[in-house]
Amino acid sequence: MSRRSLLAGTAAGAAALSGSVRAMAKTASIGENMLDHHDAIGLAQLVRTRQVSPTDLLELSIQRAEETNPQFNFMAHKLYDYARDAISEGLPEGPFTGVPWLLKDLHAHIEGQPSGQGSRSYDGFVAPYTSELVKRHQAAGLVIFGKTTTPEFGLTGTTESLSTGITRNPWNRERIAGGSSGGAAAAVAAGVLPAAHATDGGGSIRIPASCCGLFGLKPSRGRVPMGPNRTEGWGGMSANHVVTRSVRDSAALLDATAGTEPGSRYSAPSPEDSFLSYTTRAPRPLRVALVLTPPAGSPVDPECIGAARDAAVLLESLGHHVEEAQPTIDMAEVGQANFAAISTSLVASIDERAAATGIAPSTDVLEHITMMFYNLGKQMDGVSVSRAHNVFQQVAYDMARFMDDYDIILSPTVATPPPMVGTLDLQQQDFQAWGQRVAAFTPFTGTYNITGQPSASLPLGMSSDGLPIGVMISARYGAEALLFQLAAQVELAQPWWEAMAAAPGRA
């Protein structure tokens, strides 16, 4: 199946497919392999043209989840009857009506349904309201049938927890699926559905996208809602969006969910047209900074560097100018600021839950690394938090000045292929050693959470032992449209669906 066909979406919206895609839809099997032959836009078109019903799609995804979840463990909560009831009650008309959907089990609430945050401290918790983003998912016609796994409070680059167990990579069960949206990425890589909700506070969309061979875009700060009880997370570093197989799905899903919410402190500037429309427009020749050394100067696996260099050659062949460059960032100062913002945010959340349950924070309900975050965060004063935000603002300013000379920053997504399970989980006993390992694996992603810039991982590389390697492109604040233009151009020039859509471990 050609990625040219899958890129045929137009500004008319998710309903618009080219003649080649319509032909593909007619010839593709309307059966169990339907999920392998269509992205979310394609599935919505099948529903719209009555070639398949929402119930058919839901039951196929449920069947696939039941077949593959025992191998990879990506389901935190099964909401099958909730989904069936939603269909029975009538779905709204939207760009994704009838398409099966999974929410990440972290601050994505459905009133009356469980919400675990990857933590034993949330055992038995039932959400008292529906999150604004979830309302937008539902208004788009998505059919929510479950919630995916996350490490406790999204704190690490792997999805392993005492609450839900180890989520494994569909490419190799001994390797991590990434984190903290590893459950979402594993579900998509396993063929359960073509796209799933994900979040990113330090790389948590892009890291699992790299590990599992998917496209994963972190949007600009303020682009996608996070409320209603909060409109930012981790001091503005966290963002909501998705992991997908196709670029156009990511764009269309951003169209369906972007926009301010009541109480928003800031809002990313809107593009002139829909994000989806930009996936059909080749970008002008771009100035690209190739960054191969992380800001902290830590080592990078030669295969990850090779994937980024290959991507640079590809971009040059497409008419873009690429040169090696390096922004200057004081990572020691940034590390201290990150810790102050995250640990104090965590203290507030844990104390709120403890007050609600009457159960004091301890390793009876929290994992070892989480408890150390909590204890150290308790020692932080308000001045430290204020200084952290000052550091974040300075880094954002410095990066904006660096990008006066460049449209795009190209780099590896992570510094190594997916590590073995059990190396980055929150049960590690040495807090400092754990932090060093996580930072060494993910030295590129967090900068863009601090600055609020949009950033995306593209599945362009493969390690010598058959594991996906992502390459990251990042743009100025508010410039998701440019990322979609470039990503779609790359997807057309070097199609990845055939290589990445079906992880070998699924068989």
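Our structure is the block above this text.
Residues numbered from 1 in each chain as written. Predicted model: local features only at pLDDT ≥ 70, side-chain atom pairs only at ≥ 80, totals over all residues. Heavy atoms only, no water.

K.L.:
An account of the packing of helix α10 (residues 247-257) against helix α18 (residues 480-493) is needed here, citing residue identities and associated values.
P.N.:
Packing of α10 against α18 brings their axes to within 9 Å, and their N-to-C directions diverge by 160°. Relative to α18, α10 is oriented roughly antiparallel. Viewed along their axes, α10 and α18 form a crossing whose handedness is left-handed. Contacts between α10 and α18 involve Val247, Ser250, Ala251 and Leu254 on the former and, on the latter, Glu480, Phe484, Ala487, Ala488 and Glu491. Looking at side-chain class alone, the contact of α10 with α18 contains six nonpolar, one polar and two charged residues. (Axes fitted to C-alpha atoms, helices over the stretch in contact; angles between N-to-C directions. Helix = DSSP H or I, 4+ residues; strand = E, 2+ residues; numbered from the N terminus. Parallel < 35°, antiparallel > 145°, perpendicular 65-115°, else oblique. Left-handed = near helix turned anticlockwise from the far one by under 90°. Contact = heavy atoms within 4.5 Å. Nonpolar A, V, L, I, M, F, W, Y, C, P; charged D, E, K, R; others polar.)

K.L.:
A description of the packing of aromatic side chains should follow, citing residues and the corresponding values.
P.N.:
Counting across every chain of the model gives 11 aromatic pairs. For the ring pair Phe215 and Trp496, a centre distance of 6.4 Å and an interplane angle of 10° mean the geometry is stacked. Of this pair, Phe215 sits in strand β9 (residues 215-218) while Trp496 sits in the loop between α18 and α19 (497-500); the two residues are 281 residues apart in sequence, bridging distant segments of the chain. In terms of burial, Phe215 and Trp496 fall into one category: buried. Look at Phe373 and Trp434: their rings are 5.9 Å apart centre to centre, the planes differ by 85°, and that puts the pair in the edge-to-face class. Here Phe373, found in helix α14 (residues 368-378), pairs with Trp434, found in helix α16 (residues 431-441); they are 61 residues apart in sequence, far enough to count as distant. Each member of the pair, Phe373 as well as Trp434, is classed as buried. (Phe/Tyr/Trp six-rings, centres within 6.5 Å; stacked < 30°, edge-to-face > 60°. Buried < 20%, exposed > 50% of the residue type's maximum accessible area, 1.4 Å probe, protein only.)

K.L.:
Describe helix α7 (residues 132-139), with residues and values.
P.N.:
Since there are 3.6 residues in each turn of an α-helix, residues three or four apart along the chain are aligned in direction. Among the residues of α7, those classed as buried are Leu133, Val134, Arg136 and His137. Along the axis of α7, the buried residues cluster in a sector spanning 155°; they form a single face. Elements in contact with the buried residues of α7: β2 (100-104), β3 (143-148), β8 (195-200), β10 (239-244) and α10. (Arc of directions from axis to C-beta.)

K.L.:
Break down the side chain of Glu367 for me, citing the residues and quoting the values.
P.N.:
Within the secondary structure, Glu367 is located in the loop between α13 (331-357) and α14. No salt bridge is formed by the buried Glu367. Its closest oppositely charged neighbour is Arg120, at 5.9 Å. The contact partners of Glu367, leaving out residues within four places of it in the chain, are Gly118, Arg120, Glu152, Glu160, Ser161, Leu162, Leu426 and Gln427. (Lys, Arg positive; Asp, Glu negative; His and termini not counted. Salt bridge = Lys/Arg side-chain N within 4 Å of Asp/Glu carboxyl O.)

K.L.:
Tell me what's going on with the sheet that holds strand β1 (residues 75-78), and back it up with residues and numbers.
P.N.:
The strand order across the open sheet built from three strands is β1-β3-β2, with neighbouring strands paired in mixed fashion. The sheet terminates laterally at β1 and β2, the two strands that pair on one side only. Averaged over all adjacent pairs, the angle separating strand axes in this sheet is 40°, with direction ignored. When β1 meets β3, the two strands line up antiparallel, connected through three bridges. (Pairing = 2+ DSSP bridges.)

Structural measurements only, silent on function.
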